[in-house]
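# Commentary on secondary and tertiary structure
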Amino acid sequence: MKPLSATLRLQFHRDFTLDDATALVDYFAALGISHIYASPLLTARPGSMHGYDVIDPTRINPELGGEPALQRLVTALRAKGMGLILDIVSNHMAVGGAGNAWWLDVLEWGRRSPYAQFFDIEWNSPDPLLEGQLLVPFLGSDYGEALQQGSIPLRLDVENGALYAQHYEHRFPLTPPSYGEVLRQTDHPHLRTLAQHFDALKTEPAPYLTARKLRAELAQQLEDSDTRQQLEQALKLYDSTTAEGFQRLHALLERQHYRLASWRTAADDINWRRFFDINELGGLRVERPVVFEETHAKIFELVADGLIDGLRIDHVDGLADPRAYCRRLRRRVDRLNAARPPEATQDHVPIYVEKILAGGEQLHDDWGVDGTTGYEFMNQVSLLQHDPAGEAPLCALWSDTSGRAADFMEEARQARQLVLTGPLAGDFETVAQALLQVARGDVMTRDITLGAIRRALLELIVHFPVYRTYIAAPGRRAADEPFFRQALEGARTTLAESEWPLLEHLQRWLGGESLRQLPRGPLRKLRRYACTRFQQLTSPAAAKAVEDTACYRSGVLLSRNDVGFDPQRFSAPPSDFHAECAQRAERLPHNLLTTATHDHKRGEDTRARIAALSERPDWFAGKVREWRELAAGQMQSLDDGPAPSPADELLLFQTLLGSWPLELRPDDLDGLHDYCERILQWQQKAVREAKLRSTWAAPNDAYETACRHYVENLLLGEHAQLRTQIAAAAAELAPAGALNSLAQTLLRMTTPGVPDLYQGADYWDFSLVDPDNRRPVDFAARQAGFDPHATPAQLLADWHDGRIKQWLIARTLSLRLAQPGLFGTGRYLPLTVEGAQAEHLLAFARELNDDWLVVLVPRLTYTLLDGRRVPLIAAERWADTRVLLPEALDGREFTRLFSNNAVTFQRAGLSVAQVLDELSVEVLHTPKRSSGESKQ
């Protein structure tokens, strides 16, 4: 197998299967990909378009072709020396519906189910109505209303001899000890006898196997049509649309191990951990050995058999103890890797974690993983490509237009309060109740009230600067201490001074002192539980508040609002980028580097074009004023304000400028219809995620309809003047955006780390938030258009078709494959740039054993392009700009990767005009030395 050199992320679903990928392996190999990086492949909910809703972790999803198709894909990959990295979901699995056998067993048996320990359930709820029961918030209306409507009918599973209630797609099995009541409603002697046996299960200490036998016997009895008809007649007595049936069904449901409830109750009353606030995804207790083994058995089998060569851990911050989990996983896969078949041998199994790193935060170095999935690199490149001079005028434009603050952190703090008192209120209450018990366990703190704990805890999390901390038995880790202290200081600015002492108690309880100082027993257990649930709360609170709320409320410049970004920072100098690259080379040289993912808010090239607005803030402000005047007649006045709001209108203008397809003319009706559908899909998500004028839980139909009409009139109606102006403005920005795109693509492939290419991003990627970023990819066009022997001039002439990006990727990845050591572990050296355009060029070198490469990419290029309609800066615009080189390179001959011309380096420096004449990015490399050649 080739060394891990470049990954390609593929999203698998029923419309793009494993066999579909197999047919494309030759193309991926030609691009220079070493490993396919697959979305989750275990059996997910039927029709899943992403695979993160696993219902059966013991087999490969049959909708994707099952294990035979996986074998075929791996065989094709092996023929090209390629590997496969698998995305796995350790934090949660899909619940509800009728497909997850483990979940259904918990509903059926409650605590007595062997799978009860698999899910993160609080059986001892402070709510007396939930004591020993599981809240099941899957009803579309209030429980009583659903009963009256007859939408929870009692059903019979004849084949399995089982009784269950049903609510649309959701199945709620009855616990077998309650079957007797239903069976006694018949006159059938065998069924009445079975009723007595089912009744006896109530007192049987181990009823599990007995119940299985009884249900098998019931299924056998039901093979007789008369018996079956009698039981079906009995079920009609539970028709809840009648008064008697209502009471009878209600009484039966009350005897189950769950309490049925409206989906709206989940936010406040949920007594089990979810993935964020999604009721259909239940948290797993993978920290328990049996859960770890059962949920990973198939994954370990695939690693041992040589079918999987690396792993990506989804949402690692949701786990109770990410460090312990990753270290356990590392030990296991290393043992399995040592015994793989000869044709699948590899030195190391890479493990990556999906982890959002805040400013100043680093991945802990003792997890045994190879790095993150690369969100932080996306942020670093984005900061590099924003002009700091644009920040103040764009902030003023946003504030003046929207009436909202330009301070992103203010929006984020408000959003945190919203989610902690709304969709995550139940999870927040769980932590508060746990801390109350901790307080009552000490005579010195037992007078602290629940209300005081709630107030202090809320402000602490509102000001939390990272997704979570990592508390172990010795307490909070030293690396996390500054972040916790920052949260405490922030909380003091908003919490009443009289309650500041409670913050110090929270600091102590939540990892400030070692658990080992406490005697073994209930108090230590309570403290550990409070710490765990606190850490599992701050992560979703950050994600829901920042990614899913504030990023849709704040719009200074949308290219700075994305997953893993720090939108509060507008830009950063090249020195920051160099420092981060050098640090990555030192700590995590094989970290993944990505600029597009299945979760991004905007495609990599959409962001790159919007970033160019930072260089033209006054021009953009003038356009916005003109466009708002042109569109004034399209605005609607509603009781709650204009529609769309000025803020949503400004977000729309930015989105249109960034995503307008290069080939779309303002008079192309068919193309405009397709584009309009994409924009409408984005718009609905944007206004609901912002939670200002509409929400997912309570859509504001009037507002959303007015916004939809506005977009339709703009893109499809008679408003041709505005449409034409926006299209022209997008075309004016496009060359600078494309050059930003080529620069970030090259940086992803040449800086320390492993480049990850998202599906379809080998051409221009002007996608928006999901599901737009998961649209089908036209691989056939990419294969047909691929010409590795084309010249830059040929590709620039037709740069709109995206082949220039594809060519750049293939050329660079071929060099990575030829020199894996240089790219994998070569040191990183920032290079000084001097001359007239020094601020517009980033240069660095990589070196290993005297093999060298030098990379040059432009930045902030709009003015250098001089209005040209191609993403190429005229060589003369670089004037006297030069790159200073290490003395060791004086007189050395280098080859230009994108032109194959030779260049001899001189001590006076490298003339930028001489090497950026055909393409405005370049890689220069020394010839690869043979193994026998001496190296000085």
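Okay, so let's go over this structure. (Residues numbered from 1 in each chain as written. Predicted model: local features only at pLDDT ≥ 70, side-chain atom pairs only at ≥ 80, totals over all residues. Heavy atoms only, no water.)

## Here's the deal with the overall build of the chain
- Helix and strand counts for the chain stand at 34 helices and 31 strands.
- Since a compact globule built from 936 residues should have a radius of gyration of about 30 Å, the 30 Å found for the chain is in line with a globular shape.
- Taken along its principal axes, the extent of the C-alpha atoms in the chain is 100 × 70 × 65 Å.
- Across the 936 residues of the chain, 62% fall into the buried class.
- Counting only contacts in the chain whose residues sit at least 6 apart along the sequence, the fraction spanning at least 24 positions is 73%. (Helix = DSSP H or I, 4+ residues; strand = E, 2+ residues; numbered from the N terminus. Rg over C-alpha atoms; globule rule 2.2 N^0.38 Å. Buried < 20%, exposed > 50% of the residue type's maximum accessible area, 1.4 Å probe, protein only. Contact = heavy atoms within 4.5 Å.)

## Some words on the sheet that holds strand β14 (residues 310-313)
- Taken together, 8 strands build an open sheet; the order of strands is β16-β15-β14-β5-β2-β1-β22-β19 and the sheet is parallel. The open sheet is flanked by β16 (371-372) and β19 (592-594), the only strands paired with a single partner.
- In the sheet, strand β1 (residues 7-10) pairs with strand β22 (residues 754-758) via 3 bridges, with the strands oriented parallel. Within the sheet, the bridge partner assigned to L8 lies in β22 and is L757. (Pairing = 2+ DSSP bridges.)

## Observations concerning the packing of helix α24 (residues 617-631) against helix α25 (residues 646-659)
- For the pair α24 and α25, the least separation of the axes is 11 Å and the interaxial angle reads 115°. For the element pair α24 and α25, the recorded crossing hand is right-handed. Packed against α24, whose contacting residues are F620, V624, W627, R628 and A631, the element α25 presents P646, E649, L650, F653, Q654 and L657 at the interface. (Axes fitted to C-alpha atoms, helices over the stretch in contact; angles between N-to-C directions. Left-handed = near helix turned anticlockwise from the far one by under 90°.)

## Describing the packing of aromatic side chains
- On inspection of all chains with the given rule, the structure shows 27 aromatic pairs.
- Ring centres 5.2 Å apart and planes at 80° place the aromatic pair W367 and Y470 in the edge-to-face group. On the criterion of sequence distance, the pair formed by W367 in the loop between β15 (351-353) and β16 and Y470 in the loop between α18 (450-462) and β17 (471-472) is long-range, its members being 103 residues apart. The exposure classification of W367 matches that of Y470, with both residues buried.
- With centroids separated by 5.3 Å and ring planes inclined at 70°, the aromatic side chains of W660 and Y675 adopt a geometry described as edge-to-face. With a gap of 15 residues between them, W660 in the loop between α25 and α26 (669-690) and Y675 in helix α26 connect regions that are remote in the sequence.
- Relative accessible area serves as the criterion here: at 3%, W660 is assigned to the buried category.
- Looking at R248, its charged tip hangs above the ring of Y238, at a distance of 5.9 Å from the centre.
- Here R328 stacks its cationic end above the ring of F292, 5.1 Å away from the centre of that ring. (Phe/Tyr/Trp six-rings, centres within 6.5 Å; stacked < 30°, edge-to-face > 60°. Lys NZ or Arg CZ within 6 Å of the ring centre and 35° of its normal.)

## Comments concerning helix α27 (residues 701-716)
- Relative to the 22 Å expected for 16 residues at 1.5 Å per residue, α27 spans 21 Å between its end C-alpha atoms, a close match to the ideal helical length.
- Within α27, burial applies to Y703, E704, A706, C707, Y710, V711, L714 and L715. Angularly, the buried residues of α27 cover 160° about the axis, an arc narrow enough to put them on a single face. (Expected span 1.5 Å × (residues − 1). Arc of directions from axis to C-beta.)

## Topic: the environment of G140
- Relative to the elements of secondary structure, G140 occurs in the loop between β7 (134-139) and α5 (143-149).
- Taking C-alpha positions, G140 is 68 Å from S911, a pair spaced 771 residues apart along the chain.

## Focus: the side chain of T430
- Following the sequence through the fold, T430 ends up in helix α17 (residues 425-440).
- Not counting the four nearest positions on each side in its chain, T430 is found in contact with Y529 and R533.

## Here we look at the pattern of salt bridges
- A complete count under the given rule lists 65 salt bridges for this structure.
- The partner of R312 in a salt bridge is D87, and the shortest N-O contact between them spans 3.0 Å. Here R312 is found in strand β14, whereas its partner D87 is found in strand β5 (residues 83-88), with 225 residues between them in sequence. Note on accessibility: R312 and D87 belong to one class, buried.
- Counted as one network, the salt bridges with shared partners bring together R476, E481, R485, E489, R492 and E504. (Salt bridge = Lys/Arg side-chain N within 4 Å of Asp/Glu carboxyl O.)

## Brief notes about the packing of α26 against α27
- Here α26 crosses α27 at 155°, and the two axes come no closer than 10 Å. With respect to α27, the axis of α26 lies roughly antiparallel. Once α26 is placed against α27, the crossing between them reads as right-handed. Across the interface between the two elements, L672, H673, Y675, C676, I679, L680, Q683, Q684, V687 and R688 of α26 pack against Y703, E704, C707, R708, V711, E712, L715 and L716 of α27.
- Of the residues in the contact of α26 with α27, the class split is 11 nonpolar, 3 polar and 4 charged. (Parallel < 35°, antiparallel > 145°, perpendicular 65-115°, else oblique. Nonpolar A, V, L, I, M, F, W, Y, C, P; charged D, E, K, R; others polar.)

## As for the pairing of strand β11 (residues 258-262)
- Extensive coverage of β11 is indicated by the burial of 5 of its 5 residues.
- Taken together, the 4 bridges between β7 and β11 define a ladder with parallel strand orientation. The partner of V136 across the bridge, within β11, is L260.

## Notes on the sheet that holds strand β12 (residues 274-275)
- Spatially, β6-β13-β12 is the arrangement adopted by the 3 strands of the open sheet, whose pairing is antiparallel. The open sheet terminates on both sides in strands that have one partner only, identified here as β6 (92-94) and β12.
- In this structure, β12 lies alongside strand β13 (residues 278-283), joined through 2 bridges in antiparallel fashion. Its bridge partner being in β13, R274 is matched across the sheet by G282.

## Observations regarding the state of the cysteines
- Inspection of every chain in the model, using the stated rule, returns 0 disulfides.
- With no disulfide of its own, C551 lies closest to C395 among cysteine sulfurs, the gap being 15 Å.
- Looking at C551, the relative accessible area reads 3%, which means it is buried.
- Cysteine C707 remains unbridged, with the sulfur of C676 as its closest cysteine sulfur at 13 Å.
- Judged by its relative accessible area of 1%, C707 falls in the buried class. (Disulfide = S-S within 2.5 Å.)

## Some remarks on α26
- End to end, α26 covers 31 Å across 22 residues, agreeing with the expected 32 Å (1.5 Å per residue, within 8%).
- The positive-phi residue at the C-terminal boundary of α26 is K691, with phi of around 60°.

## Quick look at the side chain of T43
- Within the fold, T43 resides in strand β3 (residues 42-44).
- Given the relative accessible area of 4%, T43 is considered buried.
- If near-sequence neighbours (up to four positions away) are discounted, T43 is found in contact with V54, I55, D56, R59, I60, N61 and P62.

## Quick word on the environment of D674
- The residue D674 is located in helix α26 in this model.
- Sequence spacing of D674 and P755 is 81 residues, and the spatial spacing of their C-alpha atoms is 32 Å.

## Thoughts on the pairing of strand β4 (residues 54-60)
- Among the 7 residues in β4, 5 count as buried, and that is most of the element.
- By the bridge criterion, 3 bridges tie β3 to β4 in an arrangement that is antiparallel. Counterpart to A44 in the pairing with β4 is V54.

## A word on the environment of M93
- Examined against the element boundaries, M93 turns out to sit in strand β6.
- On the accessibility criterion, M93 (2% relative accessible area) is buried.
- Remark: the alpha-carbon pair of M93 and K623, spanning 530 residues in sequence, is separated by 47 Å.
- With near-sequence residues (within four places) excluded, M93 lies in contact with V54, I55, P57, N100, W102, F119, E280, L281, G282 and L284.

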